[in-house]
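Chains, contacts and geometry: an overview
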Amino acid sequence: MENYAKVMGVKFPKITLDRTVEILSSVIEQKRSQLFHVITVNPEITMACQKDKLLRSILDDAGLITADGIGIVMVSRLRGGNLPERVTGYDMLLRLLDSGNQKKWSFYFLGADPNTNLKVVEVIRDKYPDLLILGRHHGFFKQNEEDKIVEEIGSLKPDILIVALGAPNAERWIHKYRLKLNAKIAIGVGGSLDVIAGKVKETPESWKRLNVEWLYRLIQQPSRWKRQLILPRFAIRALLFREKSKL
Ligand code: UDP
């Protein structure tokens, strides 16, 4: 059986959330010098990288790609690729915090608005007292502040750099500074810090199980409707897409 499913030319490894966390734990234990970039690829990124060559090369360079959202998983199943489940940034982050608390990993939290960034670190410190929070910075910095932030992260050398700057900005940012960040793992987590800090409500398990998280988020944040128009467009294009080769 092939180990990858291709969706619009993007190769998704057929891995569960459990396996993803295992892979990331071993990356941290390995003490490698190169940054391991994890990208949770949603329909928006999949569509954007059809035209955006730089974004495409960022995906090609990633250490690991996961299927962010039921749209990707369903298309893979209809096309015979059978991804086992979605592996979102939020679920991955919670698992990494949990493992980090047990194994004393170090973290840096970049992104979200200033209040949320402050709050999220307090919540995490409270809930996961044994993990190391090396630093934090909100995500509304100016261009001329960027070098200082990169330098700070680079000198702190976190095991895991969490980046909440929205997708695909986080992915571009991590890739741009990958040689200077000195983190073992960097991952863009979308709006996850907003949820952990309590700014945005978490999607209840029942909605997630029914695969209608997108609907819940739409009800909570109606302003997202324009962005979600991409979902039916993605489904049609992805189902009709002619993959160049099976692998
Ligand atoms: N964000 C940020 N700086 C920016 C734009 C966004 O820190 O310049 C943060 C925003 O506050 C939120 C996160 O990025 O915490 C993700 O935003 P959104 O939900 O729009 O992105 P997605 O979930 O689609 O990645």
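Bear in mind that the values here come from a model prediction, so they are computed numbers and not experimental data.

**As for the pattern of salt bridges**
Within the structure shown, the criterion is met by 11 salt bridges. The shortest N-O distance in the salt bridge between Glu-44 and Arg-227 comes to 3.3 Å. One end of the pair, Glu-44, is in helix α2 (residues 43-51); the other, Arg-227, is in helix α12 (residues 225-228), and 183 residues separate them in sequence. The exposure class assigned to Glu-44 is partly exposed, which follows from its relative accessible area of 27%. Asp-52 is the salt-bridge partner of Arg-172, the closest N and O atoms lying 3.0 Å from each other. With a gap of 120 residues between them, Arg-172 in helix α8 (residues 169-176) and Asp-52 in the loop between α2 and α3 (53-61) connect regions that are remote in the sequence. Connected through shared salt-bridge partners, Asp-91, Glu-202 and Lys-208 make up one network.

**Observations regarding helix α5 (residues 89-103)**
The first and last C-alpha atoms of α5 sit 20 Å apart over 15 residues, in line with the 21 Å expected at 1.5 Å per residue. Among all positions in α5, only Gly-89, Tyr-90, Asp-91, Met-92, Leu-93, Leu-96, Leu-97, Ser-99, Gly-100 and Asn-101 are buried. Immediately beyond the C-terminal end of α5, within one or two residues, lies Lys-104, with a positive phi of roughly 60°.

**Some words on the site of the ligand**
With respect to spatial proximity, 15 residues lie near the ligand, and among them Ala-112, Gly-139, Ala-167, Asp-194 and Arg-227 are the closest. Between Ala-164 and the ligand, the recorded distance is 3.1 Å, taken from a backbone N or O atom to an oxygen atom. Contact distances for the ligand include 3.0 Å between an oxygen atom and a backbone N or O atom of Ala-167. A total of 550 Å² of accessible area belongs to the ligand in isolation, and the protein chains cover 76% of it. Looking at side-chain class alone, the shell around the ligand contains 5 nonpolar, 5 polar and 5 charged residues.

**Observations regarding the pairing of strand β6 (residues 132-137)**
Regular strands place side chains that alternate from one sheet face to the opposite one. Pairing of strand β5 (residues 106-111) with β6, which is carried by 5 bridges, proceeds in the parallel orientation. Each bridged residue has a counterpart across the sheet, and for Leu-110 the counterpart in β6 is His-137. Handedness of the crossover joining β5 and β6 through helix α6 (residues 114-127) is recorded here as right-handed.

**Let's talk about the packing of aromatic side chains**
Under the defined criterion, the tally for this structure stands at 4 aromatic pairs. Aromatic rings pair up to connect Phe-141, Trp-173 and Tyr-177 into one cluster. Sitting over the face of the ring of Tyr-4, Lys-11 holds its NZ or CZ atom 4.7 Å from the ring centroid.

**Considerations on the nonpolar core**
Leu-97, Phe-109, Ile-124, Ile-160 and Ile-162 are the most contacted members of the largest nonpolar core, which totals 37 residues. Listing elements by their share of this core, those giving two or more residues are α1 (17-30), β3 (36-41), α5, β5, α6, β7 (160-164), β8 (185-188) and α9 (192-196). Tallying contributions element by element places α1 first for this core, with 6 residues. Setting aside chain neighbours within four positions, we find Ile-124 in contact with Leu-97, Phe-109, Pro-129, Leu-131, Ile-133 and Ile-196. Counting 24 residues, the second largest nonpolar core, distinct from the first, contains Ile-39, Cys-49, Ala-62 and Ala-238.

**Brief notes about α6**
Taking 1.5 Å as the rise per residue, α6 with 14 residues should run 20 Å; its terminal C-alpha atoms sit 20 Å apart, in good agreement. Within α6, the full set of buried residues consists of Thr-116, Asn-117, Val-120, Val-121 and Ile-124. Looking straight down α6, one finds its buried side chains confined to an arc of 135°; they lie on one side. Away from its buried face by more than 90 degrees, α6 exposes Asn-115 and Asp-126. For α6, the elements touching its buried residues are α5, β5, β6 and α9.

**Describing the environment of Val-10**
In this fold, Val-10 is placed in strand β2 (residues 10-13). Expressed as a C-alpha distance, the spacing of Val-10 and Val-41, which sit 31 residues apart in the sequence, is 9.0 Å. Those residues in contact with Val-10 that lie beyond four places of it in its chain are Ala-5, Thr-46, Cys-49, Arg-56, Leu-59 and Ile-65.

What counts as what
Residues numbered from 1 in each chain as written. Predicted model: local features only at pLDDT ≥ 70, side-chain atom pairs only at ≥ 80, totals over all residues. Heavy atoms only, no water. Salt bridge = Lys/Arg side-chain N within 4 Å of Asp/Glu carboxyl O. Helix = DSSP H or I, 4+ residues; strand = E, 2+ residues; numbered from the N terminus. Buried < 20%, exposed > 50% of the residue type's maximum accessible area, 1.4 Å probe, protein only. Expected span 1.5 Å × (residues − 1). Near = heavy atom within 4 Å. Polar contact = N/O pair within 3.5 Å; in protein donor to acceptor, adjacent residues only side chain to side chain. Areas by Shrake-Rupley, 256 points an atom, 1.4 Å probe, with all protein chains shown as cover. Nonpolar A, V, L, I, M, F, W, Y, C, P; charged D, E, K, R; others polar. Pairing = 2+ DSSP bridges. Right-handed = clockwise from strand over helix to strand, strands pointing away. Phe/Tyr/Trp six-rings, centres within 6.5 Å; stacked < 30°, edge-to-face > 60°. Lys NZ or Arg CZ within 6 Å of the ring centre and 35° of its normal. Core = buried A, V, L, I, M, F, W, Y, C linked by side-chain atoms within 4.5 Å. Contact = heavy atoms within 4.5 Å. Arc of directions from axis to C-beta.

Just geometry here; none of it tells us what the structure is for.
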